[in-house]
Structures are given as C-alpha cells and as structure tokens.
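# Chains, contacts and geometry: an overview
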Amino acid sequence: MKPTPQDAGPLIGRSVARREDPRLLTGRGRFVDDIALPGMLHAQFVRSTVAHGTVTCVDLSAVRRVPGVVAAFTADDLDLGDITAELGRPPEEFVPTAMPVLARDRVRYVGEPLAIVIAQDAYAAEDGLEAARVGYTVRPPVLGAEEALADGAPLVHEEAPRNTLVDVSLFATDGIDEVFAAADCVVRVRARTGRQNALPLETRGAVANWDGREEQLVLQTCTQVPHQVRTVAARCLRLDERAVRVLVPDMGGGFGLKCVVGREEIATAAAALRLGRPVKWIEDRKDALTASFLAREQRYDVRAAFGADGRILGLDAEVVCDMGAYSCYPFTAGIEPLMASAEMPGVYKVPSYRVRGRAVTTNKAPTAPYRGVSRPQYVMVVERLFERAARELGLDPVEIRRRNLITEFPYTGVNGITYDPGSYLESLNLCERVLRDEGWYARRAAAAAEGRHLGIGYACFNERTGYGSAAFAQRKMRVVPGFDISEVRMDTSGAVTVTTGTVSHGQSHETTMAQIVADELGLDFAKVRLHQGDTDRITYGWGTFASRSITIGGSAVRLAAGRLGEKLRRLAAARWDIPWEETELGRGRVQRRDDPSCALGYEELADLAYLQAHLLPKDMEPGLTATATFDSFNDGTFSNATHGVVVELHEGTGQVEILRYVCVEDCGVAINPQVVEGQCRGGIAQGIAGALFEQVTYDAQGEPSATSFMDYKVPTAHEIPDVAIHHLETPCAFTGTGAKGTGEGGTIGAPAAVLNAVNDALRPTGVELDNTPITPEAVHTALRQTRPLEHT
C-alpha cells in the first residue's frame with residue numbers, strides 16, 4: 001500500500017500536494033457562473049455614462065418592452081438601505097459617505113449603477129441596457145487629488161469639505177523640526193503611484209434565490225467576506241440576519257477586491273426577492289476594469305533626516321490617497337492612509353516620526369483594499385529615501401540599510417507598534433550574497449564598459465500579519481474585524497470535518513488547514529476535509545484578507561483540533577480508568593503513554609461517543625465536536641523579506657527587462673513551502689505589474705481610458721522572470737504552528753526593488769525616477785542623457 005503523508009512524519013513544513021488541484025484542473029470546480037437553478041433569470045446594470053451629474057430621469061419603459069426582459073428596477077422601485085462604512089473619529093478627521101445600492105438623484109463616477117435589468121438570458125439583459133434612457137445635468141468632475149484639494153474645487157459630496165474624507169495625523173514626535181534642522185543630510189522623495197485594478201481571473205458575480213422552505217434568502221457569491229455580505233444584505237433588505245445565507249463556491253482570485261461589500265450583489269438579491277425567482281449577475285470584463293473597486297492611486301511627499309554615519313534620525317511624511325467616490329464597507333476610505341501612517345517606519349529604527357494621512361474623494365470608481373494595502377507604496381518611498389541618502393553620504397546602498405535595520409527583538413517602534421522577532425538583517429545579507437555569488441555585480445560593471453545599462457536594486461520590508469481585534473480597533477473602525485471561529489467534528493468513521501470562517505480564493509486552505517488538523521490529531525491527512533464559505537455553518541467569521549487565514553483562522557483551527565483531541569483522550573482514559581494526561585494521540589488512535597501497545601482507534605472511540613452514549617461517563621456529553629475562537633490581542637506578527645532585482649534598460653525602446661529576481665523571505669514556519677513559494681511568485685508578478693505596466697487613466701470628462709485588455713497593459717509570462725526564493729525561519733510565538741502570514745509580501749517588495757534597480761541603471765544620466773508605473777517614455781528620455789559613470 002502506498003504510504004500516506006502521515007506515515008512520513010509531521011505534515012507541517014512539508015510540500016504536500018494541493019488537494020484542490022485535481023478538482024480544479026479537471027474542470028470539476030464550481031464557480032458562481034457555473035450555477036444554474038430552475039427558472040433562473042439574468043441581471044445586468046444600467047450604469048452612469050457621466051462622471052459627475054444630477055440625475056434628471058431614469059426611464060425604463062422601453063427596457064421593459066425589449067424581448068426577453070422580465071423586469072427593470074430603479075432605486076425607488078427597490079427601496080433599499082444604503083451601505084455606509086464608518087470610523088469612530090471626530091468630524092474633522094472622518095466624513096462618512098452613504099453609498100446607495102442604486103444611485104438615485106446623483107451619480108459620482110462613470111459606471112455607477114442606476115438600475116438593474118432582469119431578463120430570460122444574459123443577452124436579453126444586455127439588449128435591455130441599450131433601451132434605458134437616463135437624463136443628467138452634468139457637473140464638473142474632480143479627477144485627481146490635487147484638483148480635489150484645490151480652493152473652490154467642485155464637491156463630490158457636499159458634506160465633505162475640500163473633498164476630504166479622512167485627515168489624520170497619527171504621530172508627531174516632539175522636537176522633530178529640530179532633528180531635521182540639525183541633521184547632516186536631509187533627503188526628500190515626492191512620488192506618485194498609478195491607479196490599478198486587482199484583476200482576479202474570475203470577475204465578481206452572484207446568484208440569489210429565495211428558499212421558501214427555510215424562509216431564507218440564499219446568496220451565492222464570490223466574496224472574501226461572506227459574513228459581512230450577510231450583515232449588509234440583511235440590513236439593506238430589512239431582513240433578520242437569520243433569513244440570509246451566503247455561500248461561496250470555488251473562487252478564481254480576489255486579492256482584496258472581493259473583501260468589501262459590493263452594491264451589485266445586494267441589488268441582485270433584492271431583485272430575486274422581488275420576483276420570487278433565482279437571479280444571476282456576472283460582471284463582464286469591461287465593467288470589471290472600469291466600474292469595479294480600484295486601488296493604489298497615492299501621492300507621497302516624504303523627507304528623511306540622516307546623520308553623517310548614515311543613521312536615520314527622522315521621517316516626516318505627507319500621504320494623500322485618491323479613494324474615488326465612496327468609502328468601501330467595512331474598511332472605509334481610511335484603509336490606505338491609516339495603513340501608510342501607522343506602519344511606514346517598517347524595518348528601520350526610526351527615532352522620530354511625523355505623518356499626516358489624507359483620503360480624498362474624486363469622481364472615479366471607489367477604492368478597495370488590494371494586495372499589500374499601501375505597503376507597496378510607502379515601502380517604495382522609504383527605500384528610495386535610503387538610496388538617495390546613500391548617494392548623498394557616499395555610502396553603499398546595502399550598507400546604509402544594514403546600519404538602520406532593526407536587529408534586537410521585541411522592538412517597539414516610534415509608531416507604538418511592537419515587532420516580534422524577525423530576520424531583517426539576515427535576509428538582506430543573504431540576498432546580497434546570492435547576487436554577488438552569481439556574478440551580477442561584475443556583470444553590471446562589464447555592461448557599463450560596453451555602454452549597456454544594468455542596475456541592481458534592493459527592497460527590505462516587513463509584512464504585518466495576524467491583525468486581531470485590538471489592531472483593527474486602533475483604526476477606530478465601527479466594524480472591527482479580528483477574531484475567527486472554527487469547529488472540528490469527527491464522525492463515526494473517524495473522519496474529520498473542519499469548518500472555518502476564512503475563505504480560500506486560491507491560497508490552498510483545503511490543504512494547509514488539513515495539514516494543521518492532521519498533525520494536531522495525529523490523523524491521516526486524507527481523513528480531514530475543510531468546509532468554508534457558508535454563513536450558516538459558523539456563527540461569524542471575518543473571511544480572508546490581510547494574510548490572516550493561517551495566523552488567525554489557522555490558529556482557531558489548531559485550537560479546536562486540540563480540544564477535540566483532548567475529548568478523545570478523556571474518552572479513552574475513562575475506558576482505561578486512568579488520568580487523561582497519561583494518554584497521547586498518534587496514528588489515528590489514543591494510546592497509553594506507559595504502554596503504547598494499549599490503544600483505542602478513533603473509529604472505536606467515535607462509535608462509543610455517538611452510538612453507545614449510555615456507556616459514557618456522566619460528566620461527558622455525547623458526540624465528538626469542538627469549537628474554538630482565536631484572536632490576537634497584541635500587535636500581530638511580522639513576516640519579513642528582502643528582494644533583490646537586476647534589470648537592463650534598452651536604449652532604443654526604453655523597455656525595462658528584468659534579468660534576475662531573488663527573494664529571501666521569512667514567514668515563520670511555512671505550513672506548506674510549495675504554497676508559500678506560489679504566494680511569493682504570484683505577489684511578485686502583481687508587484688512588477690504595478691511597477692512597470694498597469695495604470696487606470698481617465699480622460700478630461702472622467703471617462704476611463706482602458707475598457708479592455710487591449711488598453712490596460714497587463715504583463716504576460718514573457719515579462720515576469722523566474723524568481724529564486726530562499727527561506728529563512730523565525731517562528732511566531734502566538735500562532736501555535738509558528739506560522740506568520742505570507743499572502744502579500746511579494747507585492748509589497750517588488751515595486752521598490754524594481755524602481756531602485758532602474759535608478760541604479762540610470763545613474764550615468766543623473767536622472768532619478770520616483771513614480772510608478774515606470775514608463776518606457778521616461779526611461780528612454782533619461783537614457784538619452786547618459787554619460788559614463790563608474791558603479792561602486
């Protein structure tokens with residue numbers, strides 16, 4: 001018989017084959033668009049064609065006459081509550097904005113939904129859209145942060161003066177102005193990052209129907225946060241929360257785009273309730289590119305003070321984030337400026353710090369979290385500051401980082417955050433050594449002699465993961481994510497079902513969660529199954545975002561499995577009439593410590609717990625089920641990494657070619673190293689995309705310029721290099737497994753490393769680039785100024 005993974009020892013730390021793959025690779029996955037219910041109708045949305053305007057009329061009379069159209073509803077027809085995300089901050093710091101499910105008297109971006117059309121099929125629904133007639137009084141659009149903040153600018157929301165939704169100064173060290181005045185070197189970076197689309201392979205979608213037997217609305221949707229969708233749907237539809245069940249089938253990516261509550265899924269549910277028939281909505285790619293939640297557009301103006309020895313003395317930052325037309329639920333428009341403000345010092349020992357973070361509203365699609373949430377941007381800016389200071393002080397760029405990295409743990413930073421142990425210096429040293437040993441420094445010098453433009457760039461960073469309730473409460477969110485709940489249940493065959501509040505959208509939860517449970521119970525890996533994405537199975541869960549699934553969800557799973565294991569041990573001990581502490585788990589059985597040959601298999605114990613309950617001790621309940629809740633009441637745990645990149649700039653075209661990419665990462669104990677490497681590579685690909693290619697742009701009227709992949713430039717496999725990944729391991733103390741989060745690190749480090757490598761290659765020109773994406777035009781213009789300059 002072929003040995004099972006359990007026969008070979010512990011599963012944690014092993015690259016067990018992904019359990020999801022056979023189903024997904026053979027077409028047996030079940031995604032939202034695969035769902036077909038009897039009598040199902042199809043929905044599409046009438047969307048605003050202007051960026052800013054007053055709605056004078058929405059005429060759907062012709063829509064209802066289109067063949068195949070069953071119904072069409074406006075906001076007045078459905079009478080739904082608004083979606084409003086809030087922070088518990090004073091009015092001068094935060095202004096809430098109510099986002100109607102369907103716009104009523106005002107539209108604030110091109111693509112905002114105004115009405116829903118329901119038809120027999122998707123084609124008829126599209127035909128119905130063309131018959132809609134919407135009248136507007138057009139208002140001047142506000143299309144950028146500078147324009148939004150300008151005196152006399154049109155207001156996107158009348159209640160938000162100067163178009164400012166968030167204005168918070170979290171930190172201001174006493175005497176910081178004197179620190180800058182006395183510094184030997186002060187450097188400044190003004191940087192902008194382009195607006196991006198998260199681009200999950202599967203666009204958003206939902207299928208809603210009323211289950212008359214259960215008296216329950218069943219909403220099947222590809223969301224990262226099913227319980228939050230349930231809460232908002234119940235409130236907007238004015239239903240008891242029990243009367244809404246949200247189910248998540250297989251999901252083709254999310255990256256943060258799907259960790260907020262969308263308007264369309266609520267409107268689809270409302271239409272299904274109104275019509276008494278199932279309704280499906282699938283977002284087309286045009287709407288996904290232009291009208292879905294976007295991300296990333298930020299502006300930084302940051303100064304850093306350094307001593308003559310290269311030690312950083314202070315950081316002074318202004319952060320402005322263009323959040324689009326509305327706050328997203330539940331995170332609000334504060335998600336990006338608050339993240340940047342709180343965590344900008346990162347891996348460096350910054351003794352004094354001042355920051356102001358603002359979120360402005362513009363006439364663009366609203367912003368949601370996207371993999372990394374501000375960290376790719378502020379890491380890029382801070383790393384540029386170190387590069388610039390190294391040049392000004394005549395120091396090696398790697399050496400100046402060495403002098404400033406946190407090396408003693410735990411370390412409480414100027415931002416009040418306590419960092420748990422990491423390998424910040426070790427990862428930098430290893431990354432540099434790999435590139436030197438591979439000969440890239442010598443190749444760079446040889447290329448310069450030949451008139452070619454090679455550059456080497458680094459980025460050092462950490463990724464805060466395991467955010468618990470305490471960490472989110474510091475942002476003063478009205479809805480405070482954090483904890484997670486898990487149930488582990490054994491049936492009479494000795495097999496185990498694990499239920500969790502997290503939701504996989506490609507991260508291999510079915511595999512990694514099973515590895516945790518199998519190790520905790522000493523159980524065959526094949527005997528463990530995961531159930532996720534069902535709001536009726538777990539009281540409440542916070543879903544998957546911020547690299548929380550293993551740190552928070554996995555910790556809850558481990559605790560629940562441990563409690564089930566204790567039940568099994570107590571049950572066996574009662575049969576032997578010995579203290580339960582004298583038993584142990586392993587190989588699918590409970591055995592005596594003093595005599596391992598004396599054992600009871602899990603099947604025997606399960607039979608006793610379920611089928612012979614009259615034999616149980618009086619203080620023991622029937623069944624084998626355990627539930628656990630886990631929350632992190634500290635500042636979370638920090639993964640860390642260093643990325644090293646080698647690029648070549650091509651003079652004729654301005655193209656940036658990545659020749660080598662090295663990632664040295666430390667996410668604590670890797671539950672499944674193969675999965676970790678996949679997360680790193682996928683994140684790095686998205687980070688490179690933001691550094692070199694992707695950007696959402698608008699014309700002067702606020703019309704999105706990229707409505708298809710013909711216009712929105714996405715890198716292919718040709719542009720993404722092979723990535724060499726080296727692992728370090730600094731276990732986390734509180735997750736039980738030693739694991740830290742790893743979902744966003746690749747995306748965080750890539751833009752900074754690529755930009756630094758490009759600037760290293762541009763050193764002969766004297767030109768420095770600080771904005772992303774790095775366009776071929778900017779590179780080509782810089783290279784035309786090339787003059788010989790030796791690299792150090």
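The rules behind the values
Residues numbered from 1 in each chain as written. Predicted model: local features only at pLDDT ≥ 70, side-chain atom pairs only at ≥ 80, totals over all residues. Heavy atoms only, no water. Helix = DSSP H or I, 4+ residues; strand = E, 2+ residues; numbered from the N terminus. Rg over C-alpha atoms; globule rule 2.2 N^0.38 Å. Buried < 20%, exposed > 50% of the residue type's maximum accessible area, 1.4 Å probe, protein only. Contact = heavy atoms within 4.5 Å. Axes fitted to C-alpha atoms, helices over the stretch in contact; angles between N-to-C directions. Left-handed = near helix turned anticlockwise from the far one by under 90°. Nonpolar A, V, L, I, M, F, W, Y, C, P; charged D, E, K, R; others polar. Salt bridge = Lys/Arg side-chain N within 4 Å of Asp/Glu carboxyl O. Patch = residues over 30% accessible without salt bridge, like charges linked within 9 Å, V, L, I, M, F, W, Y side chains within 5 Å. Areas by Shrake-Rupley, 256 points an atom, 1.4 Å probe, with all protein chains shown as cover. Lys, Arg positive; Asp, Glu negative; His and termini not counted. Charge placed at Lys NZ, Arg CZ, Asp CG, Glu CD. Pairing = 2+ DSSP bridges. Phe/Tyr/Trp six-rings, centres within 6.5 Å; stacked < 30°, edge-to-face > 60°.

Moving on to the overall build of the chain. What the chain contains, in helices and strands, is 20 helices and 30 strands. The C-alpha radius of gyration of the chain comes to 28 Å, within 12% of the 28 Å expected for a compact globule of 792 residues. Each of the three principal axes of the chain carries a C-alpha extent, and together these read 85 × 75 × 50 Å. The 792 residues of the chain split such that 62% are buried. Looking at the chain alone, contacts between residues at least 24 apart form 79% of all its contacts between residues at least 6 apart.

Packed helix pairs are characterised by how far apart their axes lie and by the angle those axes make with each other. For the pair helix H15 (residues 509-521) and helix H16 (residues 549-576), interaxial distance at closest approach is 9 Å and the crossing angle is 35°. Relative to H16, H15 is oriented so that their crossing is right-handed. Listed contacts from H16 to His509, Thr512, Met513, Ile516, Val517, Glu520 and Leu521 of H15 are Ser549, Ile550, Gly553, Gly554, Val557, Arg558, Ala561, Gly562, Leu564 and Gly565. Among the residues forming the contact of H15 with H16, the class breakdown is eight nonpolar, seven polar and two charged.

Tallying each qualifying case throughout the model produces 60 salt bridges. Between aspartate 167 and arginine 356 there is a salt bridge; the shortest N-O distance is 2.7 Å. Of this pair, aspartate 167 sits in strand S9 (residues 164-172) while arginine 356 sits in strand S17 (residues 353-360), placing them 189 residues apart in sequence. Its relative accessible area of 22% is what places aspartate 167 among the partly exposed residues. The salt bridge involving arginine 245 is made with aspartate 534; its shortest N-O contact spans 2.7 Å. Pair noted here: arginine 245 is in strand S13 (residues 244-247) and aspartate 534 is in the loop between strand S23 (528-531) and H16, with a separation of 289 residues, a long-range link. With a relative accessible area of 25%, arginine 245 lands in the partly exposed category. A cluster of three or more residues bridged by salt bridges with shared partners is formed by Arg384, Arg388, Arg391, Glu392, Glu768 and Asp770.

What follows deals with a negative patch on the surface. Taken together, the side chains of Asp121, Glu126, Asp127 and Glu130 make up a negatively charged region of the molecular surface. Under the relative-accessibility criterion, glutamate 130 is labelled exposed at 64%.

Pairing within the open sheet is mixed, and its four strands lie in the order S23-S22-S21-S27. If you trace the sheet from one side to the other, it starts and ends with S23 and strand S27 (625-630), each paired once. Neighbour to neighbour, the strand axes of the sheet diverge by 20° on average, direction disregarded. Strand direction decides the pairing type here: strand S22 (residues 496-500) and S23, joined by four bridges, are parallel. The partner of threonine 499 across the bridge, within S23, is histidine 531. Against the sheet, H15 touches S22 and S23, its axis set at about 130° to S23. Packing of H16 onto the sheet brings it into contact with strand S21 (484-490), S22 and S27, and relative to S27 it is tilted by some 145°.

On the secondary structure map, phenylalanine 171 appears in strand S9. Once the C-alpha coordinates of phenylalanine 171 and leucine 659 are considered, the two residues, 488 residues apart in sequence, prove to be 40 Å apart. In this view, phenylalanine 171 contacts Ser341, Ala342, Tyr353, Arg354, Val355, Val414 and Asn415; residues no more than four positions away in its chain are not counted.

It is worth spelling out the sheet that holds S17 at this point. With mixed pairing, five strands are arranged side by side in an open sheet as S9-S17-S16-S15-S10. With partners counted over all chains shown, the strands left at the sheet margins are S9 and strand S10 (185-193), one partner each. Ignoring which end each strand starts from, the neighbouring axes of this sheet average 10° apart. Relative to strand S16 (residues 312-322), strand S15 (residues 298-306) runs antiparallel, the two sharing nine bridges. The partner of phenylalanine 306 across the bridge, within S16, is isoleucine 312. On top of the sheet, helix H9 (residues 335-343) reaches S9, S15, S16 and S17; it is set at about 175° to S17, its chief contact. Packing of helix H10 (residues 375-393) onto the sheet brings it into contact with S10, S15 and S16, and relative to S10 it is tilted by some 145°.

Further remarks concern the packing of aromatic side chains. As enumerated under the stated definition, the model contains 14 aromatic pairs in all. Judged by centre distance (5.2 Å) and plane angle (80°), the ring pair of phenylalanine 331 and phenylalanine 545 falls under edge-to-face. Taken together, the positions of phenylalanine 331 in the loop between S16 and H9 and phenylalanine 545 in the loop between S23 and H16 put the pair 214 residues apart, joining distant regions of the chain. Residue classification places phenylalanine 545 among the buried residues on the basis of a relative accessible area of 8%. Judged by centre distance (6.1 Å) and plane angle (80°), the rings of phenylalanine 483 and tryptophan 542 are edge-to-face. Of the two residues, phenylalanine 483 is situated in the loop between helix H14 (469-473) and S21 and tryptophan 542 in the loop between S23 and H16; the sequence distance between them amounts to 59 residues.

Next up on the list: the pairing of S21. For S21, the buried fraction is high: six of the seven residues fall into the buried class. Pairing between S21 and S27: six bridges, direction antiparallel. When the bridges of S27 are listed, aspartate 484 appears paired with phenylalanine 630. One ladder, built from five bridges, connects S21 with S22; its direction is antiparallel. Each residue of the ladder has a partner; that of glutamate 487, found in S22, is threonine 499. Joining the antiparallel neighbours S21 and S22 is a turn of five residues, in which glycine 494 adopts a positive phi near 85°.

It is worth stressing that arrangement in space is one thing and function is another; only the former is reported here.
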